[in-house]
Each structure stands twice: as C-alpha cells, then as structure tokens.
Amino acid sequence: MPSRISGWGRYPWIEAQIAVADTTSAARKHLLAWPDCIARGAGKSYGDSALSQNVLQMTPLNRILAFDADRGEVVCEAGVGLDKLIDAFLPKGFFLSVTPGTKQITVGGAIASDVHGKNHHRCGCFSTCVNWIDLMSAAGEIIRCSPQQHPEIFQATCGGMGLTGIILAAALRLQPIKSAWIDQKTIYCRDLDAVLAAFDEFADMPYSVAWIDCLAKGACLGRSVLMVGEHAGCGGLSLPEKPTATIPFSFPNGALNSASIRLFNTAYAWVHRRHAGESRVSLDQFFYPLDGIANWNRMYGNRGFLQYQFVLPRSGGADGLLAILSAIAGMGMGSFLAVLKLFGPANRNFLSFPMDGYTLALDFGIQPGLLPFLDRLDRLVARFGGRIYLTKDVRMAPWMLKEGYPLLDRFLQVKRSIDPHNRFRSLQSNRLEIA
Amino acid sequence: MNLLIAGANSDLAVCLAETFAAMEKPANILLASRNLERLEATAKDISIRFDVPCKALAFDALDYESLPGFYAALDPGPDWVILCFGYLGDEKKAEQDWAEAKHILDTNYAGAVRFLEIVAADLEKRKTGGIVAIGSVAGLRGRKSNYHYGAAKAALGVFLSGLRNRLHPAGVRVMTVLPGFLQTKMTQGMPLPALLTTSPNKAAALIHAAWKKQKDIAYIPGWWRWIMLVIRMIPEKVFKGLSL
C-alpha cells in the first residue's frame, strides 16, 4: 500500500512504497526485489533526499550492539536515534562527539549527511567519530568500510546521501564528559563585522553558533547574538525533565510573514541584548532547543518550507555574506530562524558540506517568487566560491552541485563501482543527475 | 527478578523488557521468540543500556512438543513470565480458510495454554512469582472484524481466571492484561482512532504500574474498562446491527 511522505520541510509530498527493514535479511530482500530504492531514517532531512518511489524504512533497526567504555566506542544499528544514544550513555559519562541541532535523527542519517555541529571549527563532521560502517551494496553484500578499510567507499558514504548503499550499522567514538550541563556565554553583536570578530575571539571555545537577524538593514545588517559554550565540570549526569510543547496543527499559510518575523527578530535581539552574559544550561537547551517544540515544521503552513544553507570560504566570505544578507533584507523574505556558524577545515569526504569559512542557514516558507530568488542567491554563493548543503536542499540545479562540489567525479567513480545499475537513487539524486 | 518474556519480538514485548530492566534492578531478562536474528540484537541493546544480563532464546509456541524441554533448560528458572505472543491474523481469510483460523486459535489460545501449564506447574511447586499474560479487549465482545482473534483471547481470559484461582493458595500471581488499540507492527496500516490508541512505551509503563499494584486484571489504559463496559451492555439485538 503506498504511503504519502515528505521530508521535514513538508515540501514536496509524494506517494511511495515503504518497506520496513527490521532485520538485515529483510533489508536485503526488499533491496533485491526493487529496481531502485533509498534508505530512510527519521525523515528529518528537510528536502527530497530520502524521497523515492521505493523507500526502505530503517528505524526498526534500532539496537545498540556493543559498548566499550574504555575506548568510548559504541556499535549500533543505523536506525538508532541520537536521542537513544544520549539517553543510554549520558548517565555513563559519554556524549556524542558531534551533534547537529536535533537529536531526533538516526545514526545512518547522520552519516549519510555527514552532519556538523556547533563544534565543527574544532572537531569536524560526524564522520570524524565514525570508526567504521557496515554498508549493504546494490548486490546485497555487506561491506565494512573505514578510513583504513575501503577508504574510498568510506569517503563516498559519509555525506553521500545514501547513494552508495544502505548503511546498516556503525561504530562511533563518544566523548567522555563530566556533566549534563553547558556553561554558556551570550554575546550581542550589533552588525556583521562584530559577529565575525566575535567568532574569532571565541575560537577556542568548543561550541559556538550565532542567531542572525536577516531582516535587519543598513547599519544593523548582520545584527546577531553569538552563543558559545563548553561542557561544565559539575552538575551531575542527568538531564532535568522537560515538558514538550506541540504545534498541534498546520498554521495558516503565510502566518510567518515578514511582519511577524520582523517582530520576533526584534524582540529576540532586544531580549538578548539585555540578558547577554554567562549562564548554565542543560545539554538539551543548548544543543536541541527546537526539539522542545514537537512538529514545529507545521508553523510554515500547508505549503511547507525549505531551508537554504550555504557555506562560503573564509577568504572573501565576509563580503559574500554582506552581499547575500543585503539581497535577503532587500527582498523582505526574512527567515524566522537564521543561523550563522564558523566552520573549520573541510574533510576528505567527497560530498561533505563544510569547508573552512562561514555557513548561514535560513528557513523560507514556500511562497511565490521564492524559487527564482534562491536561484539568484545560488549565483551569488557560486561567485564567492561556496556551496549548498545537500541535506537541506530541495531545489538546486545540477550546475550548482558541480560548481560547489569539486570531488563529485570521484564520488561518482565510487558509486558506479559499487552500484553499477544506479539502484540507489532519490528524488534529489534524479534532480541533480547524480548517477 | 528473573524475567522470561515469551514472544519477545513484539513491539510491546520490547518496551516491557526495557521497562522492567529499568525499574526492577537487579533483573535477569530472558527474551524468547522465533526470530533470533532480530532478538539477539534486542538482547544486546537492553543489556548494554540498562546494565542487566539479557539473553535471546529460540522459542516457538506452536511447536508444542518443544515447550517442556525449552522451559526445563532455563537456568535459573524464571520467577516471572510475561506472555506476549499473539497472532491477529486475517479475519476474512480465517472465515474461508481453516488453516488461517487454526493458526489464530493455536497461537493465541492453544499455544498459550500449553506453555502456561508448564510454567504454572513449576511456579506452584516453587511458590514464587507469577504470570503476566497479554489478552485483548477484543476478547470481551465478538465483532465481525476480528472474532476469531477475539474468541481465542476470550478463551485465554477464562483460562487465566481459572489459573489465578488455582495458583492463589500457592501465592503465585496471575495478571490478565487487556490492552486497547496499540500502535504496533500488528496494527500497522490499520485506521485506528488516534485518541483511543496508545504507544507501546506508554502501555508498557502502565502494565508495569498495574503489576506493582498487584492487579489481577488491568485494562491498558484504564479507561478501556468503561468503554468496554458500555460496549458489553449493548443488547445483542442491537449489537448485531452495528458496525463497531
């Protein structure tokens, strides 16, 4: 029976055949029976990277298989959620080495997206803490790949959007921690120069991220609130119980418009200007503020939304940010959540997103004029030598992919060698002609 | 406690294993089911996350001859047994195909009886622990959509009440669990009313709480008692015309 599914952005929706992988054998059976398919985890990728006519649902493969406390190494199936890892290992004094802004994703998804966190400038991407991956190839064989063993397959699979095979299991290195709390410092920055300078000033802090008011214009362009943090040394290893709010239904289309976003952004900036300083917050508050609001994607109405995340290399990046922020403020297409981060050096994975420079993530409700506007931004991003994050993408054109990812050909070589008939594909890979 | 869960691959069974592993320390947990590929990973997962010994065992409730040997080989013998296996089956098919009907009756009733008699004899002798068995509100009134399953669960309910009566003098408890709609593999794709549907996690917590309170019969969640009271009070003359 076909089901109607979408990515986290609720755009687009498609009818898909969904098969449940509750064992490795079941995964193989479905894979071999279908002409093509894509693996899907928690469905939190914003765009169309886990949408396809045949979808292998990996969440039932959600068991932790081994744990070595001396090395901090956990072996788990691909469908394990990051939340499950945190619940299991935080009480034992371990935390993820790299975590994105939600813990409601799976390990398989984190690897396929090679996700990054607030510590990219110090620790790199999720793949940095992956010791090995068990990957099921198009022929149904299980290949164990790691930086030492089949390194090319490893480099193609981390960040490879599930197009090299089905990630079945992985070994991850966790970091030892002493506390479930984060010592946080909040710095109000009146414009773009100020926030970029503040990033450099606090480059030694393990975690940093800035919220940016993308509707602020003129002298206030780039007005931001920078948050930096480090693991506290005390406070215990258990998290406080936290109530979850729920957005129970879709907001009317356009409820988040430039007026309401401007109001929110101004209030947010004002509050943080008044309360800048030091505080101690829980891991949940620091890393996963939006996980406290279930179904927040419904705020964008039934038309859905998309996230536009790009990175610009550090040289010329400040000018590029200025140009892009001016374009956004000029269009009045404000983003409710705009996040600015400083990245460290790129890794060796062929399609991994981060590079040494600045990344900006913006949410936009689907609205008339948005897609041509983002095409315009693409050209700016390309002109400044940047690229778009595949995990958030739902609309870029093949030329933009080629422009941003110079190792695409090496990725394709590896994909063709282990998936010669292009059985692993998604709406995204079809659109971007990754075959 | 030494806990044996029979039919441990079901979603509810896994949640029960997690709940008891978290709440009843020290616990030693045995998971038994047909599909060992799935079960062994679950057993590792539970032993790592809750720091309890947890083992996977091959078990087939329909292979009646194997059951005494299976139980005798358990070392240490369990003091609590949770019976989770069940088979909803395809009602329409069962009406025309005796093999399907028999499978429903054998799994939900005959297999349960065969296994629980073995468990009961042992616990009665040892005067310890007890049995928790998952029935169903479907066994409280026959409906056209699942009356083969309902009838088998109804028979199981009567069996459990007799067993409870028998084991009471030995101090051995028997708890009948009557869950309403659960979001599980068994009901995947069925159009269940969201308001009346419970997650297996929540159901496991409620079952554990009822077990702590030493209940004989536990509706999961509790308000199903009142829904079923109303449904059972509808006169048959009226009920036969309804599509509930």
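Residues numbered from 1 in each chain as written. Chains lettered and ligands numbered in written order. Predicted model: local features only at pLDDT ≥ 70, side-chain atom pairs only at ≥ 80, totals over all residues. Heavy atoms only, no water.

Asker: How should the confidence of the model for chain B be read in this particular structure?
Answerer: In regions of low pLDDT, the predicted coordinates are not meant to be interpreted in detail. Averaged over every residue, the pLDDT of chain B is 95; the share at 70 or more is 98%. At the level of chain-chain contacts, confidence expressed as ipTM amounts to 0.87, with global pTM at 0.93. (pLDDT = per-residue confidence, 0-100.)

Asker: Could you clarify how one ought to interpret the environment of Thr-107 of chain B in this entry?
Answerer: Residue and element names in this part refer to chain B. Its place among the elements puts Thr-107 in helix H5 (residues 98-126). A C-alpha to C-alpha distance of 6.2 Å links Thr-107 and Tyr-87, two positions 20 residues apart in sequence. Aside from chain neighbours lying at most four places away, what touches Thr-107 is Leu-62, Phe-85, Gly-86, Tyr-87 and Ala-112. A polar atom in the side chain of Thr-107 sits 2.7 Å from the backbone oxygen of His-103. (Helix = DSSP H or I, 4+ residues; strand = E, 2+ residues; numbered from the N terminus. Contact = heavy atoms within 4.5 Å. Polar contact = N/O pair within 3.5 Å; in protein donor to acceptor, adjacent residues only side chain to side chain.)

Asker: I tried to follow the packing of helix H1 (residues 11-23) of chain B against helix H7 (residues 200-212) of chain B on my own but got confused; where do I start?
Answerer: Describing two packed helices takes the angle between their axes plus the distance from one axis to the other. All names here are of chain B. Running from amino to carboxyl end, H1 crosses H7 at an angle of 50°, the nearest separation of the two axes being 8 Å. The angle between H1 and H7 places the two elements in the oblique class. Helix-helix and strand crossings are classified by hand; for H1 and H7 the assignment is right-handed. Counted together, Asp-11, Leu-12, Cys-15, Leu-16, Glu-18, Thr-19, Phe-20 and Met-23 of H1 and Pro-200, Asn-201, Ala-203, Ala-204, Ala-205, Ile-207, His-208 and Trp-211 of H7 form the full contact between these two elements. Across the contact of H1 with H7, the residue classes tally to 11 nonpolar, three polar and two charged. (Axes fitted to C-alpha atoms, helices over the stretch in contact; angles between N-to-C directions. Parallel < 35°, antiparallel > 145°, perpendicular 65-115°, else oblique. Left-handed = near helix turned anticlockwise from the far one by under 90°. Nonpolar A, V, L, I, M, F, W, Y, C, P; charged D, E, K, R; others polar.)

Asker: Looking at this structure, how should I read the nonpolar core?
Answerer: Soluble, globular proteins show a tendency: their nonpolar side chains are buried together. All names here are of chain A. If you look at the biggest cluster of nonpolar residues, it comprises 116 residues, and the most contacted ones within it are Leu-85, Phe-310 and Leu-340. Element by element, the count of residues in this core is highest for helix H10 (residues 370-383), at seven residues. With residues up to four places along the chain from it excluded, the contact list for Leu-85 reads Ile-64, Val-74, Val-80, Leu-90, Leu-96, Val-107 and Leu-172. (Core = buried A, V, L, I, M, F, W, Y, C linked by side-chain atoms within 4.5 Å. Buried < 20%, exposed > 50% of the residue type's maximum accessible area, 1.4 Å probe, protein only.)

Asker: What should I look at first to understand the sheet that holds strand E2 (residues 28-33) of chain B in this one?
Answerer: In sheet architecture, strand pairing relies on hydrogen bonds along the backbone and comes in two forms, parallel and antiparallel. All names here are of chain B. Ordered in space as E3-E2-E1-E4-E5-E6-E9, the seven strands form an open sheet in which the pairing is parallel. Edge positions in the sheet fall to strand E3 (54-58) and strand E9 (217-220), since each has one partner strand and no second. Strand after strand, the sheet turns through a mean of 20° between neighbouring axes, direction not considered. Across five bridges, the pairing between E2 and E3 is parallel. Looking across to E3, one finds that Ala-32 is bridged to Leu-57. The strands that helix H2 (residues 36-50) touches are E2 and E3; relative to E3, the one it contacts most, it runs at about 165°. On top of the sheet, H7 reaches strand E4 (80-83), strand E5 (130-134), strand E6 (173-179) and E9; it is set at about 150° to E6, its chief contact. (Pairing = 2+ DSSP bridges.)

Asker: For this particular structure, what's the right way to read the side chain of Asp-106 of chain B?
Answerer: Residues and elements named next belong to chain B. Locating Asp-106 in the fold gives a position in helix H5. In this structure Asp-106 comes out as buried when scored by relative accessible area, which is 16%. Beyond its immediate stretch of four places on either side in the chain, Asp-106 contacts Leu-62, Tyr-64 and Gly-111.

Asker: How should I be thinking about H7 of chain B in this particular structure?
Answerer: Every α-helix carries 3.6 residues per turn, so stepping three or four residues along brings you back to the same face. All names here are of chain B. The end-to-end C-alpha separation of H7 is 18 Å, in line with the 18 Å expected for 13 residues at 1.5 Å each. When H7 is considered as a whole, its buried residues turn out to be Pro-200, Ala-203, Ala-204, Ile-207, His-208, Ala-210 and Trp-211. What you see down the axis of H7 is that its buried residues fit within an arc of 160°, all on one side. Phi turns positive one or two residues past the end of H7, at Gln-214, with a value near 60°. (Expected span 1.5 Å × (residues − 1). Arc of directions from axis to C-beta.)

Asker: Help me out: how do you make sense of the interface of chain A and chain B in this one?
Answerer: Frequently, the measure chosen for interface size is the accessible area that the parts lose on association. Tallying the contact residues gives 18 residues for chain A and 13 residues for chain B. Surface buried jointly by chain A and chain B totals about 1200 Å² across both partners, of which 52% is contributed by carbon and sulfur atoms. The largest contributions to the chain A side of the interface with chain B come from Arg-63, Leu-65 and Lys-92 of chain A, which together make up 38% of the buried area. Connecting chain A to chain B are two salt bridges. (Buried area = accessible area lost by both parts, 1.4 Å probe. Salt bridge = Lys/Arg side-chain N within 4 Å of Asp/Glu carboxyl O.)

Asker: Would you explain unusual backbone geometry in this entry?
Answerer: Negative phi is the rule for most residues except glycine; trans is the rule for most peptide bonds. Looking along the chain, the bond that leaves Tyr-11 of chain A and enters Pro-12 of chain A is cis, with omega of -10°. The residue Pro-12 of chain A is located in the loop between strand E1 (3-6) and strand E2 (13-20) in this model. Ile-220 of chain B connects to Pro-221 of chain B through a cis peptide bond whose omega is -15°. With respect to the element layout, Pro-221 of chain B can be found in the loop between E9 and helix H8 (224-233). For Arg-10 of chain A, which is not glycine, the phi dihedral falls at a positive 55°. Positionally, Arg-10 of chain A belongs in the loop between E1 and E2. With a phi angle near 55°, Glu-433 of chain A is a residue other than glycine that sits in the positive phi range. With relative accessibility at 54%, the residue Glu-433 of chain A sits in the exposed group.

Asker: Teacher, can you tell me more about the pairing of E6 of chain B here?
Answerer: On a regular strand, each side chain points to the face opposite its neighbour's, so the side chains alternate between the two faces of the sheet. Residues and elements named next belong to chain B. Among the seven residues in E6, seven count as buried, and that is most of the element. Pairing geometry for E5 and E6, over five bridges, is parallel. Counterpart to Ile-131 in the pairing with E6 is Val-174. Tracing the backbone out of E5, into helix H6 (residues 147-167) and back to the parallel element E6 gives a crossover that is right-handed. Pairing of E6 with E9, which is carried by four bridges, proceeds in the parallel orientation. Bridging from a neighbouring strand, Pro-179 pairs with Ile-220 of E9. (Right-handed = clockwise from strand over helix to strand, strands pointing away.)

Asker: Looking at this structure, how should I read the packing of aromatic side chains?
Answerer: The geometry of an aromatic ring pair comes down to the distance between the two centres and the angle between the two planes. Applying the stated rule across the entire model yields 24 aromatic pairs over all chains. An angle of 70° between the planes, with centres 5.0 Å apart, marks the rings of Phe-59 of chain B and Phe-115 of chain B as edge-to-face. A residue pair is termed long-range when its members are at least 10 positions apart, and Phe-59 of chain B in the loop between E3 and helix H3 (67-72) and Phe-115 of chain B in helix H5 qualify at 56 residues. When sorted by exposure, Phe-59 of chain B lands in the same class as Phe-115 of chain B, which is buried. A connected cluster of aromatic rings, assembled from ring pairs, spans Trp-8, Tyr-46, Trp-296, Tyr-300 and Phe-305 of chain A. For Lys-118 of chain A, the ring lying beneath its charged end belongs to Phe-286 of chain A, and the centroid distance is 5.8 Å. One residue, Arg-144 of chain A, lies across the ring of Trp-132 of chain A, its end atom 3.5 Å from the ring centre. (Phe/Tyr/Trp six-rings, centres within 6.5 Å; stacked < 30°, edge-to-face > 60°. Lys NZ or Arg CZ within 6 Å of the ring centre and 35° of its normal.)

Asker: Whenever I open this one, the side chain of Arg-223 of chain A confuses me. Can you help?
Answerer: Residues and elements named next belong to chain A. Summarising the element assignment, Arg-223 is placed in the loop between strand E12 (207-212) and strand E13 (224-231). For Arg-223, the side chain forms a polar contact with the side chain of Asp-213, separated by 2.6 Å. Contacts of Arg-223, omitting those with residues within four sequence positions, involve Tyr-188, Cys-189, Arg-190, Asp-191, Trp-211, Ile-212, Asp-213, Ala-216, Thr-266 and Ala-269.

Asker: Help me out: how do you make sense of the state of the cysteines in this one?
Answerer: Disulfides are covalent bonds that connect the sulfur atoms of two cysteines. All names here are of chain A. Evaluation of the coordinates by the stated rule reveals zero disulfides over all chains. Cys-76 forms no disulfide, and the closest cysteine sulfur to it belongs to Cys-129, at a distance of 11 Å. Here Cys-220 is not cross-linked by a disulfide; its sulfur's nearest cysteine counterpart is in Cys-189, at 13 Å. (Disulfide = S-S within 2.5 Å.)

Asker: How should I be thinking about the sheet that holds E2 of chain A in this particular structure?
Answerer: Residues and elements named next belong to chain A. Reading across the sheet, the four strands line up as E1-E2-E4-E3 and stay open at both edges, with mixed pairing between neighbours. If you trace the sheet from one side to the other, it starts and ends with E1 and strand E3 (38-40), each paired once. In this sheet, adjacent strand axes meet at a mean angle of 55° when their direction is disregarded. One ladder, built from four bridges, connects E1 with E2; its direction is antiparallel. Within the sheet, the bridge partner assigned to Ser-6 lies in E2 and is Trp-13.

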